[in-house]
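# Report on the structure
One-letter residues, chain by chain:
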Amino acid sequence: MAPRKIIIDTDPGQDDAVAILLALASPEEIDVLGITAVAGNVPLPLTAKNARIVCELAGKPGTKVFAGCDAPLKRKLVTAEHVHGKTGLDGPQLPEPKMALQAAHGVDFIIDTLRREPKGSVTLCPLGPLTNIATAFRRAPDIVERVQEIVLMGGAYFEVGNITPAAEFNIYVDPEAAEIVFKSGVPLVVMPLDVTHKVLTTAPRIQAFRAMGTEAGRMVAEWTDFFERFDKEKYGSNGAPLHDPCVIAWLLQPGLFKGRHINVEIETQSELTLGMTVADWWGVTDRAPNAVFIGDVDADGFFALLTDRISRL
Ligand code: RIB
Ligand code: CA
């Protein structure tokens, strides 16, 4: 079977970095047409630099990396250095990237790619705020029906918020963008905190990365060592949740995950619950289902997949 063509839209972030490594380590199943950076965990210059660092770590300096939007559609950018550190990839010492950024804007790359590739043949994989995707849809409405599927990390229902009591970070940073994407009609698969909080980097799992004896394995171990501080402190959890790699793992082994096709709407008005994903998990409204909202995962199977693939780099 031909590999699935994807665009990764990302705000690296240690967990984004692991997701990118997982995708680049799986060329038989995934063809990464390009990576578009967006402002999120850290400002755009850093996310665009970090995406290139990760591609070079994966031994794929030919990957096309584009800088996209540097701020949400209408709000001030909120970043997450308290989680990811000042560079966005704190933990290990990292070399400056040698590979250049592509000249085109990330949004133009998304539009041009969807217009060029056969209709329904490209999957979008947003791992950060949805600003680039929403901007592309607004600027070129003709591309919306050409998207095969959007598989994104964002939102929360039973887990509630991680940046406010009600909202998960990716949705909270740009709720208007999220509303455009969730109302676009494009088939959606959503990886909320409900599932990502179930894939924690426990000590044995981090040790498995260290034991690889590879640069990639060492980086993943050091990134997760750094990244887990926030969740351990806040939730008392036993390791860091690998949020974004859930998106790529779903592409590789969807059977690891369980979810429901339900209606999910985005709060964009109330300051109190801004960015909340209002998921009709129990079907109490007559609102039409618009997303497969994932609630469960075989965590051991997820880490077996992740460890196997990262060890290939
Ligand atoms: O809330 C978790 C999400 O926000 C992840 O994508 C993480 O990288 C940050 O972007
Ligand atoms: Ca992210």
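The preceding data block contains the structure.
Since this is a predicted model, take the numbers as computed values, not measurements. Sequence positions are assigned chain by chain, starting from 1 and proceeding in written order. By the order in which they are written, chains take letters starting at A while ligands take numbers starting at 1. Side-chain atom pairs in this predicted model are given and counted only at pLDDT of 80 or more, local residue features only at pLDDT of at least 70, and totals for whole chains, interfaces and linings cover all residues. Side-chain figures throughout are based on the complete set of non-hydrogen atoms in the structure, without hydrogens or water.

This brings us to the pairing of strand 4 (residues 122-126). The buried fraction of strand 4 amounts to five of the five residues, a majority that puts the element mostly inside the structure. With burial as the criterion, each face of strand 4 is covered, one bearing Val 122, Leu 124 and Pro 126 and the other bearing Thr 123 and Cys 125. Seen with its strands pointing away from the viewer, a crossover is right-handed if its path from the first strand over the helix to the second goes clockwise. The helix and strand labels rest on DSSP assignments: H or I over at least four residues marks a helix, E over at least two residues marks a strand, and numbering proceeds from the N terminus. For the crossover from strand 4 across helix 5 (residues 131-139) to strand 5 (residues 147-153), the handedness is right-handed. Only protein chains enter the accessibility calculation, which uses a 1.4 Å probe; a residue is then buried when its area is under 20% of its type maximum, exposed when over 50%, and partly exposed in between.

Here we take up the nonpolar core. Ranked by size, the top nonpolar core spans 57 residues in total, and within it Ile 8, Met 191, Trp 223, Ile 248, Phe 257, Phe 302 and Leu 306 carry the most contacts. By residue number, the principal contributor to this core is helix 1 (residues 14-24), which donates eight residues. Setting aside chain neighbours within four positions, we find Trp 223 in contact with Gln 14, Ala 17, Val 18, Leu 21, Val 54, Leu 57, Leu 89, Asp 90, Pro 92 and Leu 94. In these notes, a set of buried Ala, Val, Leu, Ile, Met, Phe, Trp, Tyr and Cys residues joined through side-chain atoms within 4.5 Å is what counts as a nonpolar core. Core analysis: the second largest hydrophobic core is formed by 37 residues, Ile 111, Val 147, Val 190 and Ala 279 among them. Whether two residues are in contact is decided by their heavy atoms, any of which lying within 4.5 Å being enough.

So, about the site of ligand 1. Taken together, the neighbourhood of ligand 1 is formed by 13 residues, with Asp 15, Asn 162, Glu 168, Asn 170 and Asp 244 sitting nearest. By the criterion applied in these results, polar contacts are pairs of N or O atoms within 3.5 Å in which, for protein atoms, one can donate a hydrogen and the other can accept it, and in which residues neighboring in sequence qualify only through two side-chain atoms. The side chain of Asn 41 places a nitrogen or oxygen atom 3.1 Å from an oxygen atom of ligand 1. Only the protein chains shown count as cover for residues, and all accessible areas are computed by the Shrake-Rupley method using a 1.4 Å probe. In isolation ligand 1 exposes 270 Å². Once the protein is present, 97% of that is buried. Residue assignment for the shell around ligand 1 shows that the elements contributing at least two residues are helix 1 and helix 6 (169-173). By convention in these notes, a residue is near a molecule or strand provided one of its non-hydrogen atoms lies within 4 Å of it.

Okay, the coordination of the calcium ion (ligand 2) next. Here a donor is an N, O or S atom found within 2.8 Å of the metal, or within 3.2 Å if the metal is Na, K or Ca; sites may look incomplete because water is not among the atoms. Only Asp 11 (OD), Asp 16 (OD), Asp 16 (OD), Leu 127 (O) and Asp 244 (OD) from the protein coordinate the calcium ion (ligand 2), and they sit 2.2 to 2.6 Å from it. Donor residues binding the calcium ion (ligand 2) come from one chain and are separated in sequence as D-x4-D-x110-L-x116-D. Note that Asp 11 is positioned in the loop between strand 1 (4-10) and helix 1 and Leu 127 in the loop between strand 4 and helix 5, a separation of 116 residues in sequence. Taking the relative accessible area as the measure of exposure, Asp 11 reaches 0% and is therefore buried. For Leu 127, a relative accessible area of 1% corresponds to the buried category.

This part takes up the packing of helix 1 against helix 2 (residues 44-57). Fitted lines through C-alpha atoms serve as axes, helices being fitted only where they are in contact, and the angles separating the N-to-C directions of these axes extend from 0 to 180 degrees. The geometry of helix 1 relative to helix 2 is characterised by a closest axis approach of 9 Å and an angle of 40° between their N-to-C directions. With respect to helix 2, the element helix 1 is oriented oblique. Classified by chirality, the crossing of helix 2 by helix 1 is right-handed. For the pair helix 1 and helix 2, the contacting residues are Ala 17, Ile 20, Leu 21 and Leu 24 in the first and Val 54, Cys 55 and Leu 57 in the second. Tallied by class, residues from the contact of helix 1 with helix 2 come to seven nonpolar, no polar and no charged. Angle categories: roughly parallel below 35 degrees, roughly antiparallel above 145, roughly perpendicular from 65 to 115, and oblique for all the rest. Put simply, a crossing is left-handed when the front helix is turned counterclockwise from the back one by less than a right angle, and right-handed when it is turned clockwise. As a working rule, the residues Ala, Val, Leu, Ile, Met, Phe, Trp, Tyr, Cys and Pro are called nonpolar, Asp, Glu, Lys and Arg charged, and the rest polar, with Gly in that last group.

Aromatic rings from Phe, Tyr and Trp, with only the six-membered ring used for Trp, were paired whenever their centres fell within 6.5 Å, and each pair was classed as stacked if the ring planes differed by under 30 degrees, edge-to-face if by over 60, and tilted otherwise. Applying the stated criterion to the full structure yields six aromatic pairs. Between the aromatic rings of Tyr 157 and Phe 158, the centroid separation amounts to 4.8 Å while the plane-to-plane angle is 75°, which identifies the pairing as edge-to-face. By relative accessible area, Tyr 157 is classed as partly exposed at 26%. In this structure an aromatic cluster arises from ring pairing among Tyr 157, Phe 158, Trp 281, Trp 282 and Phe 293.

All right, on to the pattern of salt bridges then. Criterion for a salt bridge: a side-chain nitrogen of Lys or Arg within 4 Å of a carboxyl oxygen of Asp or Glu. By the definition in use, this model includes 21 salt bridges. Close ionic contact of Lys 5 with Glu 117 constitutes a salt bridge, the shortest N to O distance being 2.5 Å. Placement of the pair is Lys 5 in strand 1 and Glu 117 in the loop between helix 4 (106-116) and strand 4, with a sequence separation of 112 residues. Glu 117 matches Lys 5 in its accessibility class, with the two residues each being buried. A salt bridge links Glu 215 to Arg 218, with the nearest nitrogen and oxygen atoms 2.9 Å apart. Here the residue Glu 215 and the residue Arg 218 both occupy positions in helix 10 (residues 215-235), the gap between them amounting to three residues, near one helical turn. A single network of salt bridges, built from pairs that share partners, joins Glu 28, Glu 29, Asp 308, Arg 309 and Arg 312.

One can find Met 219 in helix 10. A relative accessible area of 2% places Met 219 in the buried class. The spatial distance from the C-alpha of Met 219 to the C-alpha of Val 18 is 9.1 Å, given a sequence separation of 201 residues. If near-sequence neighbours (up to four positions away) are discounted, Met 219 is found in contact with Leu 57, Pro 92, Gln 93 and Leu 94.

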